[in-house]
Protein chains: 2
Amino acid sequence: RLQEGQIAVPIIAREFSSEDWAFIFEGLPKQLRLELWQTLSEDKKSPILAAMRDDSREQLVSLLSAENIEDVARSSSAEHLVEILDVLPNKIAKSLIQKLTPEDTGLVEEALNYNDEQLGRYVNHEVSTVSKGILTKDLLQEIKVEKLPPYTDSVLVIDESGHYLGQIDINLLFDCDDGQDVMQVAEFSDHVLAADLDLFEASEAVKSSGRSMLPVINNQGKLLGRFSIKDAIDVYQEYYESQMSHMGRVSDEDLFAPVFTSSRRRAVWLGINLVTAFAASIVIGLFDKVLAEVVTLAVLMPIVASMGGITGSQTLTLTIRGLATGQLAKSNLQALGNKEVLVAFFNGLLWAAVISFITSIWFENNALSAIIAFAVVLNMVIAAIAGIAIPVLLDKMGIDPALAGSVILTTVTDVVGFFVFLGSASLLLL
Amino acid sequence: RLQEGQIAVPIIAREFSSEDWAFIFEGLPKQLRLELWQTLSEDKKSPILAAMRDDSREQLVSLLSAENIEDVARSSSAEHLVEILDVLPNKIAKSLIQKLTPEDTGLVEEALNYNDEQLGRYVNHEVSTVSKGILTKDLLQEIKVEKLPPYTDSVLVIDESGHYLGQIDINLLFDCDDGQDVMQVAEFSDHVLAADLDLFEASEAVKSSGRSMLPVINNQGKLLGRFSIKDAIDVYQEYYESQMSHMGRVSDEDLFAPVFTSSRRRAVWLGINLVTAFAASIVIGLFDKVLAEVVTLAVLMPIVASMGGITGSQTLTLTIRGLATGQLAKSNLQALGNKEVLVAFFNGLLWAAVISFITSIWFENNALSAIIAFAVVLNMVIAAIAGIAIPVLLDKMGIDPALAGSVILTTVTDVVGFFVFLGSASLLLL
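Residues numbered from 1 in each chain as written. Chains lettered and ligands numbered in written order. Predicted model: local features only at pLDDT ≥ 70, side-chain atom pairs only at ≥ 80, totals over all residues. Heavy atoms only, no water.

Peer 1: Report on the domain arrangement of chain A, specifying residues and quantitative values.
Peer 2: When cut into domains, chain A gives domain 1 (11–112), domain 2 (129–247) and domain 3 (259–429). Placing a centre on the C-alpha atoms of domain 2 of chain A and another on those of domain 3 of chain A gives a separation of 50 Å. (Domains from an automatic or database assignment.)

Peer 1: Describe the sheet that holds strand 6 (residues 223–228) of chain B, listing the residues and the values that go with them.
Peer 2: Sheets are built from strands paired through backbone hydrogen bonds, the pairs being either parallel or antiparallel. All names here are of chain B. Read across the sheet, 3 strands follow the order 4-5-6 without closing on themselves; strand pairing throughout is mixed. Of all strands in the sheet, those with a lone pairing partner are strand 4 (193–194) and strand 6, marking the two edges. Pairing between strand 4 and strand 5 (residues 213–217): 2 bridges, direction parallel. When the bridges of strand 5 are listed, Leu-193 appears paired with Val-216. This element, helix 12 (residues 199–209), spans strand 4, strand 5 and strand 6 of the sheet and lies at about 70° to strand 6. (Pairing = 2+ DSSP bridges. Helix = DSSP H or I, 4+ residues; strand = E, 2+ residues; numbered from the N terminus. Contact = heavy atoms within 4.5 Å. Axes fitted to C-alpha atoms, helices over the stretch in contact; angles between N-to-C directions.)

Peer 1: I'd like to hear about the relation of the copies chain B and chain A, residue by residue, with values.
Peer 2: The two copies are related by a screw motion: chain B maps onto chain A through a turn of 180° and a shift of 0.0 Å along the axis, at an RMSD of 0.1 Å. Taken together, the turn and the small shift mark the pair as related by a two-fold rotation axis. Every residue of chain B has its C-alpha some distance from the rotation axis, and the shortest such distance is that of B:Ala292, at 2.7 Å. (Least-squares fit on C-alpha atoms with pLDDT ≥ 70 in both.)

Peer 1: Would you mind going over unusual backbone geometry in detail, with residue names and values included?
Peer 2: Residues other than glycine predominantly adopt negative phi, and peptide bonds predominantly adopt the trans conformation. Phi at A:Arg249 is positive, roughly 55°, even though this residue is not glycine. Looking at where A:Arg249 falls in the secondary structure, it is placed in the loop between helix 13 (229–247) and helix 14 (259–286). At B:Tyr151, a position not held by glycine, the phi torsion is positive, near 60°. For B:Tyr151, the position within the fold is in the loop between helix 9 (136–146) and strand 2 (154–158).

Peer 1: Outline the interface of chain B and chain A, listing residues and values.
Peer 2: Interface size is commonly expressed as the accessible area that is lost once the parts come together. On the side of chain A, 106 residues touch chain B, which itself brings 107 residues to the contact. Carbon and sulfur atoms supply 68% of the area buried between chain B and chain A, which totals about 9700 Å² over both sides. Counting across the chain B and chain A interface gives 8 salt bridges. A salt bridge links B:Lys207 to A:Glu19, with the nearest nitrogen and oxygen atoms 3.9 Å apart. Of the residues assigned to the side of chain B that touches chain A, the class counts are 58 nonpolar, 27 polar and 22 charged. (Buried area = accessible area lost by both parts, 1.4 Å probe. Salt bridge = Lys/Arg side-chain N within 4 Å of Asp/Glu carboxyl O. Nonpolar A, V, L, I, M, F, W, Y, C, P; charged D, E, K, R; others polar.)

Peer 1: A description of the confidence of the model for chain A should follow, citing residues and the corresponding values.
Peer 2: Residue and element names in this part refer to chain A. Of the residues in chain A, 97% reach a pLDDT of 70 or more, and the chain-wide mean stands at 91. The least confident element of chain A is helix 7 (residues 90–98), whose mean pLDDT is 86; the most confident is helix 18 (residues 366–396), at 97. With pLDDT under 50 throughout, residues 1–6 is counted as low confidence; its partners more than four residues away or in other chains account for 5 contacts. (pLDDT = per-residue confidence, 0-100.)

Peer 1: I'd love a proper account of the sheet that holds strand 2 (residues 154–158) of chain A, names of residues and values included.
Peer 2: All names here are of chain A. Spatially, the 3 strands line up as an open sheet ordered 1-2-3, and their pairing is mixed. Both outer strands of the open sheet, strand 1 (129–131) and strand 3 (164–169), are each paired with one neighbouring strand and no more. The sheet shows a mean angle of 30° between the axes of neighbouring strands, direction not considered. Note that strand 2 and strand 3 share 5 bridges and pair antiparallel. Bridged to Val-155 within strand 3 is Ile-168.

What follows is the structure, encoded as structure tokens:
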């Protein structure tokens, strides 16, 4: 029997894929990760590291000694190594590269020419290629021995210096005359991806191509490898997860990131939020006279701000989605704006009626009921306008609207909500 | 030259895929959609409808006449038709099914045995099959003529009554003796998906299988079709988009949904929010005496609530992600809780110091500085606990934490924040 805290690896685990293992590691608290890691055979380690989310990989690597990392790197393929190098300090990364075989060094250095948003950095080298001049019967013979890798629907044809020439769909391989040169059956498709393409755009391209993979070439036309539909899934998942994390005001972090790392990252969001909270406080401070006179205003003011906040975030979410997919552009922005303002106005009328009814029963003050109704409708309409304007402006300025949009929106809906409510109260009630 | 409001379909558009068309429609305001729709040839219409997001499909179908819908249905494949039927009123759907060919009726009725979260409803019939008893040379001959559909890495072997027997990897097809029965080369993999499997789980299974497709069978072992890695991408995108919409308090809606449909849907979220806002108001109302005495409290109280709100939403986001991926369970909940509380506590100390420093300069009131510091730290720690407890409890109750979590959390952080801040103020300042 196991003692508490010990790690048991069930027999079935020997068949786990690297992704299954990565998944298990991400769910383990820090101290257990290192224990489990030591039970793994060396050749499994680099695929598992590569399959982890960035932050988890970084956390695990930071627990390993320099010798351990070197051992992992030595048995790693070039594409996995690039992912591991990404989370290593520059100095260690450089010394690792020097210890590779010349072939791996070439692949890794080629990949590092591109930044971590570009396709070239993560190109997949597991690809079937054939040189021009080879006969189809020899190609078929080679496939028999070598096997086609997963997600392969074509064999890529290259020249003697590795330039991409065309591709042979597997369907054509079933129907080719043995004595032909592969160039005679190859197709010259312009469905190729440039290595400096954005990773997310590359995923969109593979997805809509109807192919299982697309070739990746550099700007000299040299074939670097391929990008498969499986790679596209990984990119999508990472993209959506990080968007969702940002919406929740948190970096895309490991479940068990160290307390101080995590505190430091979140402090940034909390600090930004504090600035907007003080902005709201300053607005409230402008109206301290009317607040001292009519305490009820302090009781009701969060309602005005919060109804505006929700309305704004509804419009913001739709706008961010439209900008992210590219379905929202100059031509239909006005139509969306008209619709959103109308929706906010109708909902404003509905909920202002409810709120002012409750207010008049609770505080028996009709002037106050009228003021809050007016403030709610106005704040909700302005919130809808801000919900479109803010992400569109951020997008134009090259800032990710998903990241900064909702903080700015909250500032607007708080400031406008408090200002309109307390301002009209001080005009009418003082 | 075109007149304003007219639709121009560029020549290149003839090569657009159904997904490209769906994308274009989703970005068009309502009135232009119908105009563009009428320019399309009949056979393109059902694939385009099927490729649209649910709400956009519903909006477009609602603009069409019954005859139009019937024409679309007649030229539609069974899998596209199921997607279209999903958004039609029951009565129209039933009458449409009666007008299909017997074969299509069978496929559609089989699909409708499953609900819209189950794999069986969206099974893809574009699959290469071969019956046992056929010789491999005849299979090869058939592939030459029929071609393998996209995302195919195996041919599925069935018996005379359509039961799934095994599969032949395409790599084996390059290496088989012509005179063999297909059963001699077939592999008997247990990588099959049951038709009643959850759609999201099916996507996870395909993704981690390393295959481009997996066979789908019903509970009698009959082969219904396949689920491809491309289908998995569609499921993932839909899943993540709807999660993000829910985080932004909006249904997964069409950009140009009708104003009243959209107002009605959003009203639900606004109404729920109003309940939580009034809960906060009631708490503030308990302390009207101290508020009347010290107006500064009204100025500062949103800061306490909002710092708690952000802290809570950070923990909530991480917890929801952990629950969604399945990486968070009973065994590591305590470890996450310890970490999150510590993170909240350290950040609480940091920001409480900043806030109380600003407060003491702004209002020159040391007691107030101490009170707000205490309230901020306490609210942030409680927010972290709530950020874990709320989604875990909701998950146990079978409610989607992404949907309800943040509303409940905000209620907690508002109520606790106002109560602690105003409560300690009334103890110490009155």
